[in-house]
Amino acid sequence: MLTLHGLHHVTSITGDAPLNYRFYTTVLGLRLVKKTVNQDDTSAYHLFYADAEGSPGTDITFFDWPQAGNARPGTDRISRTVFRVPRLESLDYWYRRLSEAGVTVDEPVEYLERQVLRFADPEGQPLALVPDDGAPEPGVFWSGGGVPEEDAIRGFHAVELEVPRVDQLDPILQQLLGMDRHEVDGGVLYAMDGGGPGKEVWIR
């Protein structure tokens, strides 16, 4: 059995690299820490957005495949990437910031006993923000993102998986990957290394 200590990075796909770059740097305030190519398809860029130093637990990456087409919602996938922010009041800041940027954003709601602000990037990828109540930051604040340090994204809080049957996934997460299962109000989550910010997998 493996012992996992937290989320390292999340990788996704973009069909519009310039649009993707503008959103994740100028709206979300992340740093483009590296632009390279997909090692299996060198015709595609591989973009890395993270904190000031590209620290583990802060890095969302994108392969640039314009021919991929629009996403089709379904199961057996990461259905939402959940970032962490320092405090509950940060959700008000982000609601205003995202709204002013023309992003469709929902009012904060309680989900899995956490306050969650849900929205999507310009290509429809579901994202969310959750306050981490001042938990230790995994990385180094990026001052060039235009977001105050007291409200800036500090890395990942969780990834949400959408599956048709939890019982088929449970042995993989618990027995193979060593996560602990928690029944919480509204659903199920799995925790790595004690759980908390950066160490959760939510199940939808």
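Scroll up to find the structure.
Cut-offs and rules
Residues numbered from 1 in each chain as written. Predicted model: local features only at pLDDT ≥ 70, side-chain atom pairs only at ≥ 80, totals over all residues. Heavy atoms only, no water. Helix = DSSP H or I, 4+ residues; strand = E, 2+ residues; numbered from the N terminus. Buried < 20%, exposed > 50% of the residue type's maximum accessible area, 1.4 Å probe, protein only. Contact = heavy atoms within 4.5 Å. Pairing = 2+ DSSP bridges. Core = buried A, V, L, I, M, F, W, Y, C linked by side-chain atoms within 4.5 Å. Expected span 1.5 Å × (residues − 1). Arc of directions from axis to C-beta. 1 Å grid on protein atoms, 1.4 Å probe; cavity = no way out; pocket = protein on both sides within 12 Å on 5 of 7 lines; lining within 4 Å. Points joined across faces, edges and corners; volume = space filled by probe spheres on them. Nonpolar A, V, L, I, M, F, W, Y, C, P; charged D, E, K, R; others polar. Salt bridge = Lys/Arg side-chain N within 4 Å of Asp/Glu carboxyl O.

Here's the deal with the overall build of the protein
Regarding its fold elements, the protein presents three helices and 12 strands. Counting only C-alpha atoms and orienting by the principal axes, one finds that the protein spans roughly 40 × 40 × 30 Å. Within the protein, the proportion of its 204 residues that are buried is 47%. Restricting to contacts in the protein with at least 6 residues of sequence separation, those with at least 24 account for 64%.

Observations regarding the pairing of strand β2 (residues 31-38)
Every other side chain in a regular strand lies on the same face of the sheet, so the side chains alternate between the two faces. When β2 meets strand β3 (residues 41-50), the two strands line up antiparallel, connected through seven bridges. Looking at the pairing, Arg-31 lines up with Ala-50 of β3. What sits between the antiparallel neighbours β2 and β3 is a turn of two residues.

Digging into the nonpolar core
Formed by 39 residues in total, the largest nonpolar core has its most connected members in Leu-28 and Trp-94. Residues in contact with Leu-28, not counting those within four places in the same chain, are Phe-23, Phe-83, Trp-94, Leu-98, Phe-119, Leu-127, Val-147 and Ile-153. Core analysis: the next-biggest nonpolar cluster, separate from the first, contains 10 residues, Tyr-111, Ala-128, Val-184 and Leu-189 among them.

Focus on helix α2 (residues 89-100)
For α2, which comprises 12 residues, the first-to-last C-alpha distance of 17 Å matches the rise-based estimate of 16 Å (1.5 Å per residue) to within 8%. Buried residues of α2: Ser-90, Leu-91, Tyr-93, Trp-94, Arg-97 and Leu-98, and no others. Taken down its axis, α2 places every buried residue within 155° of arc, on the same side. Tucked into the core, α2 has its buried residues touching α1 (17-27), β5 (77-85), β7 (114-120) and β8 (126-131). Count one or two residues on from α2 and you reach Gly-102, which has phi positive near 80°.

What about empty space enclosed by the protein?
Under the defined criterion, the tally for this structure stands at one cavity of 30 Å³ or more. What the largest cavity holds in volume is close to 90 Å³. Along its surface, the largest cavity is lined by Leu-28, Gly-29, Leu-30, Ala-50, Asp-51, Glu-137, Val-140, Phe-141, Trp-142, Val-147, Ala-152 and Ile-153. In terms of residue class, the lining of the largest cavity is built from nine nonpolar, one polar and two charged.

Quick word on the pattern of salt bridges
Inspection of every chain in the model, using the stated rule, returns 11 salt bridges. Between Glu-200 and Arg-114 there is a salt bridge whose closest N-O contact spans 2.7 Å. One end of the pair, Glu-200, is in strand β12 (residues 200-203); the other, Arg-114, is in strand β7, with 86 residues separating them in the sequence. As far as burial versus exposure is concerned, Glu-200 and Arg-114 are alike and both buried. We note a salt bridge from Arg-181 to Asp-170, for which the minimum N-O separation is 3.1 Å. Taken together, the positions of Arg-181 in strand β10 (residues 180-184) and Asp-170 in helix α3 (residues 166-176) put the pair 11 residues apart, joining distant regions of the chain. Note on Arg-181: relative accessible area 32%, which makes it partly exposed. The exposure class of Asp-170 is buried, given its relative accessible area of 13%. Residues participating in the shared-partner salt-bridge network are Arg-84, Asp-132, Glu-137 and Arg-154.

Looking at the environment of Val-33
Mapping Val-33 onto the fold places it in strand β2. Distance in space between the C-alpha atoms of Val-33 and Thr-14 is 17 Å, their sequence separation being 19 residues. The residues contacting Val-33, other than those within four sequence positions of it, are Phe-48, Ala-50, Asp-51 and Gly-54.

Purely geometric numbers; function is a separate question.
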